[in-house]
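# Structural overview
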Amino acid sequence: MFPILLAASIALQAGQPGSPAGERPRDIITQVRRAVRGNTVPQLRAQWEDSLRRRPDNRRAVFWLAHIASYSFDFSTGRRLFERLAQAPDTLDHWSIHAALALGWLSLGRESFDSTRRLATRVAALAKTAGDPEARVQALTMLGFLASRDRGIAPALDFMSQAERDIPRGDLELQSLLSCVRAPILSFGGAEQAVADLRRGMAAARRSSDLWMVGQCYQSAVSVLINTSGDARVIEAYADSAETEERASRDLFGLANTLFIRGYARLARSDIAGARRVLLEGSAIADTARSLFASAWIHRFTGEIHWQANDLVTADREYNAAAAEFEKLGDVFGISGLYRRRGGLALDLGRLDEAETIFTVGLRSSESAGIVDGVYSNWIALAAVKMARNDWTGARNTLQSAESYGRAHGFAGWSQGLSYYFGLSALRLGELDRAERYLNDAIRESGPAQFLDRYAARSRLAELLVRRGDVAGALRELNGATDQLDSLRGTLDDRSLRLLVFQTRREYDESDLGFATIAAALVKQGYVADVFRLAERRRAQLLADRLLRAQVFEGAAGNAPAAARPGSPGAIPDSAGFTPTGTALLEYLTGTGGQPTTLLITTPRGQLGLVLAPIDSLQDELVRFTTALEAGSYPVALGNRLREALLDRALALLPDSIRRLVIVPDGVLYQLPFDALPQADGVPLIARFAVSQAPSAAIAMALSRRPVSTRAPRVLAFGDPTFAPASQGNVYRSAYEETGGLPRLPLSAAEARMAAGFGRESVLRLGALANESFVKQTDLTPFRIIHFATHAMVDERSVARTSLALTAGDGDDGFLSPGEVTALHLDADLVVLSGCRTAGGVLIGGEGIQGLASALLEAGARSVVATRWAVGDRETARLIEDFYRELARGEPVDEALRLAKLAARDRGVSPGHWAAFSVIGDPEVRIPLKAPRWFSLWWLGVVPAAGYLVWRLARRRATAS
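The paragraphs below set out a description of the structure included in this document. Nothing here was measured: the structure is a model prediction, and the numbers come from that model.

Calculation criteria
In this convention, every chain numbers its residues from 1, walking through the sequence in written order. Per-residue local features of the predicted model are confined to residues with pLDDT of at least 70, and side-chain atom pairs are confined, for both listing and counting, to 80 or more; whole-chain, interface and lining totals are unaffected and use all residues. Hydrogens and water molecules were not included; the side-chain quantities draw on all heavy atoms of the structure. Secondary structure is summarised from DSSP: a helix means a run of H or I of at least four residues, a strand means a run of E of at least two, and numbering begins at the N terminus for each. Summary of the burial criterion: residues with accessible area below 20% of their type's maximum are buried, those above 50% are exposed, and those between are partly exposed, where the area comes from a 1.4 Å probe applied to protein chains only. Contacts between residues were defined by any pair of non-hydrogen atoms, one from each residue, lying within 4.5 Å. Accessible areas in this description were obtained via Shrake-Rupley with a 1.4 Å probe; residue shielding takes into account the shown protein chains only. Any Lys or Arg side-chain nitrogen found within 4 Å of a carboxyl oxygen on Asp or Glu counts as a salt bridge. Orientation is described by lines fitted to C-alpha atoms, with helices fitted over the stretch in contact, and by angles between N-to-C directions that extend from 0 to 180 degrees. Oblique is the label for every angle not falling under 35 degrees (roughly parallel), over 145 degrees (roughly antiparallel), or within 65 to 115 degrees (roughly perpendicular). Here is the rule for handedness: rotate from the far helix to the near one, and if that takes an anticlockwise turn smaller than a right angle the crossing is left-handed, while a clockwise turn gives right-handed. For the purposes of these results, a polar contact is taken to be a pair of N or O atoms within 3.5 Å, where, inside protein, one atom must be able to donate a hydrogen and its partner to accept one; residues adjacent in sequence count only when each atom of the pair is a side-chain atom. Residue types Ala, Val, Leu, Ile, Met, Phe, Trp, Tyr and Cys, when buried and joined through side-chain atoms within 4.5 Å, form a set referred to as a nonpolar core. Residues are grouped as follows: Ala, Val, Leu, Ile, Met, Phe, Trp, Tyr, Cys and Pro are nonpolar; Asp, Glu, Lys and Arg are charged; every other residue, Gly included, is polar. In a helix, the anticipated span is given by 1.5 Å times the number of residues less one. Note on pairing: two strands pair once DSSP finds at least 2 bridges between them.

Let us look at the overall build of the chain. Looking only at helices and strands, the chain has 41 helices and 14 strands in total. Of all 961 residues assigned to the chain, the portion counted as buried reaches 60%. For the chain, long-range pairs separated by at least 24 residues make up 72% of all intrachain contacts whose partners lie at least 6 apart in sequence. As displayed, the chain has an accessible area near 36,500 Å², and 50% of this comes from carbon and sulfur atoms.

This is the structure in structure tokens:
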């Protein structure tokens, strides 16, 4: 961890020996603290303001008022009064020394460390001259803390040793101050005496009856225990004690520190929701206390949370904010720890030059500050940059530099963690025997709980066997690794599973661990059914982890999603008899780094596999095609190239009876509207097939086998919600604002009425009634259709930036997240996410609409209709009405949407509108709706026009008369 930063109020306790009772700074500070604790500050301030008016030269009154202002967070007044006293008179007195000391504590964590160091150095010299050991002890303690931030542990402890020699015998307050500041520094350096020092400081604080110091020692204990103990219950207990004392004393500076330390502790054990809560509160308190130090660390750890959740946009913003504040402070320790994370983020985003620069600066900074683990980790990070550039020789050389550095500095055990990366480098260099030795070493070196590391190493061994031509051996290895992982996961309780899903990200590694390469080799050798089962097991686990991360991130109640538990072999569909008559399922397996794409084709006749071009070679054209569609154009030549690469070989193999395609995309293919691809004659594929998507073949099968409902077609419809201003720092609000904001959707109310009109005993929620709390608190199982006419936001990889926008209130912020959706209990045949931006966000290699759709399917929906990008609400209303009318005619969901889209195309509506809509889930859902005769959204345009003509005619008649 890192050393504790104490509030200014902690240390302002010393007094000049021999000072008259009531005039010592220690007595004044004690009484100010009591006034703060007892809420009598206004009376105390009035008393001393009156005293100063009567005697303007009363330095004691100035000292009182300076501390009253500081403890009341009126820092400008406190600083001005302290500076007035600190201007040394002809005869040096204890007021000027302790005013200068107060300025030091007041600036610590709020201004640059250099400015605080100058003040502390001055006080140490003045106190030595004046024979004031108490002030000197505090100044030296402050200098020790500062040294720990930018010069290393040894210089910090030198200052602490000088301070300890000057502590007057029996001075419990100063002993507790020194010990409770020094203990975290010792614990970070690995010194065993940290715990003993902490106990000594805690005992001294309790004997002194100084409740402020007791609270700060509890805070120090949390830091020490994070470094020396893994007992979360003990850490939380000490954090509770620290918070209790700091809240009672209204010590907001100390409380902000406790909260960011507590947030770090929770983050370290993957309590993401708990960490978010305390860090959010800590941010507000740090702002009030003007603690730049606490704010920097809160931004640092908040960035970590969002990085864990794959919200790279917010993580980038938080890391940059932390870096700016650490730079302002001159906190080398904080800066060096941030380099690796900021560089890792740049690496994730593909900004390789930026990542290399950050890691290089971090390496040099850590070397100059003597931070051994910083040097070591930055060497590894630089190796990762070379891996991303496919410079595998350079990567191995850099890994060897890291290994040599670790051994030279007494950390030979660290090199064990490098075996996997040495093995991967050798594999890429074609040195298969060496790669095998390293990967087996990685398996042997992994601890009992590191089964994810073992799975990664075994996956690479399977890839190695493929490269040797032993395809059957690769299949055995990968099956064995998957069985082992599922078996181990099956032994975990819900809490352990929730912790595990935030440990599945492997830094500096391909996300698929070479699976695309293995799958392609197996398919070429005829192992199509085996690849299908492996792909489905892998896809199910990734989806389950994503859903569980969503729950954990939001702190949503409920058990882990059922999919998070490894299923029995029967849960994975076989190829035989999977697809109904007229249906073909196309499942894509993609990878990065030039790996081939595999397409698995399942029809009623059986299963086939094809190896296609790497998705990397198509990504630019795919993005250009979807961008053009969204803009309203139809680039036929571009679409033809994509169809030829992704579909033509498969379509040529399909029986003539196939009229429905169920697509299971992968990676960037989630962005592609397959039904908008042109056929050879230029007509969109939608003219031939009804096309839908599914998160996996297993989910498609499970949904299709659900019993057909016989309930009345009740509809629950939400429209025109009220978008109130969000609280500061609301990540959902910021995500929406980055993609166009949250404008009101006035026509969405009419659309919701229309949808409700197709059902029986429908429920309509508009405006303030279209609120999040209703969704979360109401029994939703009676409704067969749930219709949301509102904004939605889906970031293709981020749990944290995906939500459905509703009305806020009753303690809810109005943003229904995937984690909250998975906690719902639905029995809906259909959920419609209609309106502008029901899917959108920043593409970082993503998941597409699955952010909300998968959560809705997990919650019990059978099918979901949503849009891929922003569409206008007027065009949406007409298409959605046509969709409902086709459902009322008895068409299944996919065919109803196909016909509605074709009707829109025939009306001349641009592809940017109709191509946006997609079906996810079971395409065969049928719902016995009844079309209302009394209402049509077409009249939304006709009625206003007719009204205008009537008004004009009446006006002409009035003028003529």
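With that settled, the discussion passes to the pattern of salt bridges. Under the counting rule described, the total for this entry stands at 57 salt bridges. With its nearest N and O atoms 2.7 Å apart, the salt bridge here joins Arg182 to Asp197. With a gap of 15 residues between them, Arg182 in helix H10 (residues 172–188) and Asp197 in helix H11 (residues 193–208) connect regions that are remote in the sequence. You'll find Arg182 and Asp197 in the same group, each marked buried. Linking Arg889 and Glu886 is a salt bridge whose minimum nitrogen-to-oxygen distance equals 2.9 Å. Accessibility expressed as a relative area gives 60% for Arg889, which makes it exposed.

The interhelical angle for the contact between helix H29 (residues 619–631) and helix H30 (residues 636–646), taken along N-to-C directions, is 135°, at an axis separation of 10 Å. Looking at the two axes, H29 sits oblique to H30. In the crossing of H29 with H30, the sense of the turn from one axis to the other is left-handed. Each of Glu621, Leu622, Arg624 and Phe625 in H29 lies in contact with H30, whose residues at this interface are Leu638, Gly639, Arg641 and Leu642.

Moving on, we get to the environment of Tyr634. Among the secondary structure elements, Tyr634 is positioned in the loop between H29 and H30. Exposure remark for Tyr634: the relative accessible area of 23% places this residue in the partly exposed category. For the pair Tyr634 and Gly912, spaced 278 residues apart in sequence, the C-alpha separation works out to 8.6 Å. If near-sequence neighbours (up to four positions away) are discounted, Tyr634 is found in contact with Leu629, Ala676, Leu677, Pro678, Gly682, Pro684 and Pro911. Side-chain polar atoms of Tyr634 contact the backbone oxygen of Ala676, separated by 2.7 Å.

Attention now goes to unusual backbone geometry. One non-glycine residue, Arg290, adopts positive backbone phi at about 55°. Examined against the element boundaries, Arg290 turns out to sit in the loop between helix H15 (272–289) and helix H16 (292–308). A positive phi is found at Leu513, a non-glycine position, where the angle reads about 55°. Following the sequence through the fold, Leu513 ends up in the loop between helix H26 (494–500) and helix H27 (515–524). Judged by relative accessible area, which is 9%, Leu513 ranks as buried.

All right, on to the nonpolar core then. Counting 107 residues, the largest nonpolar core has Val32, Ile68, Phe82 and Phe260 as its most contacted members. If we ignore the near neighbours within four places in the chain, the residues touching Ile68 are Val32, Val41, Leu44, Arg45 and Trp48. Leu646, Met754, Tyr884 and Ala900 belong to the second-largest nonpolar core, a separate cluster that totals 64 residues.

What follows concerns the side chain of Asp922. Considering the arrangement of structural elements, one finds Asp922 in the loop between strand E14 (917–921) and helix H41 (939–960). Of the polar contacts made by the side chain of Asp922, one reaches the side chain of Arg862; its length is 2.6 Å. Leave out the neighbours within four places in its chain, and Asp922 touches Leu703, Ser704, Arg862 and Ser863.

In contact at an axis separation of 11 Å, helix H9 (residues 153–166) and H10 are set at 160° when each is read in the N-to-C sense. Considering the angle they form, H9 stands roughly antiparallel to H10. Crossing angle aside, the handedness with which H9 passes H10 is left-handed. The residues of H10 that touch H9, namely those facing Ile153, Ala156, Leu157, Met160, Ala163 and Glu164, are Gln175, Leu178, Val181, Arg182, Ile185, Leu186 and Phe188. Classifying every residue of the contact of H9 with H10 gives 10 nonpolar, 1 polar and 2 charged.

Once that is clear, we can look at helix H6 (residues 94–107). Counted at 1.5 Å a residue, the expected span for H6 with its 14 residues is 20 Å, and the 20 Å between its end C-alpha atoms agrees. Within H6, 14 of the 14 residues are buried, which leaves it mostly tucked inside the rest of the structure. Residue Gly109 follows H6 closely and has a positive phi angle near 85°.

This paragraph deals with helix H7 (residues 113–130). For an α-helix the count is 3.6 residues per turn, leaving residues at separations of three or four pointing the same way. Spanning 18 residues, H7 covers 25 Å between terminal C-alpha atoms, matching the ideal 26 Å at 1.5 Å per step. Buried within H7 are the following residues: Phe113, Ser115, Thr116, Arg117, Ala120, Val123, Ala124 and Ala127. Following H7 by one or two positions, Gly131 adopts a phi angle in the positive range, close to 70°.

Our focus in this paragraph is the pairing of strand E8 (residues 785–789). Extensive coverage of E8 is indicated by the burial of 5 of its 5 residues. Side-chain alternation along E8 places Ile785, His787 and Ala789 on one buried face and Ile786 and Phe788 on a second face that is also buried. One ladder, built from 5 bridges, connects strand E6 (residues 715–719) with E8; its direction is parallel. Considered in E8, the bridge of Phe718 is made with Phe788. Where E8 and strand E12 (residues 830–834) come together, 5 bridges link them in parallel fashion. Bridge pairing links Phe788 to Leu833 in E12.

Another point: the environment of Leu879. Checked against the element boundaries, Leu879 lands in helix H38 (residues 873–888). We classify Leu879 as buried; its relative accessible area is 0%. A sequence separation of 23 residues divides Leu879 from Leu902, and the C-alpha atoms of the two residues are 9.7 Å apart. In this structure Leu879 touches Leu897, Ala900, Lys901, Ala904, Arg907, His913, Trp914 and Phe917, once residues within four positions along its chain are discounted.

Buried residues dominate strand E13 (residues 863–867), accounting for 5 of its 5 residues. Side chains Ser863, Val865 and Thr867 project from E13 onto one buried face, and the interleaved Val864 and Ala866 project onto a second face that is buried too. As paired strands, E12 and E13 are joined by 2 bridges and run parallel to one another. Bridge pairing links Val831 to Val864 in E13. Sheet topology note: the E13/E14 ladder contains 5 bridges and is antiparallel. In the strand pairing of E14, Ser863 is matched with Gly921.

Below, the discussion takes up the side chain of Arg182. Using a relative accessible area of 6% as the deciding quantity, one classes Arg182 as buried. Those residues in contact with Arg182 that sit more than four places away from it in its chain are Leu157, Met160, Glu164, Asp197 and Arg200.

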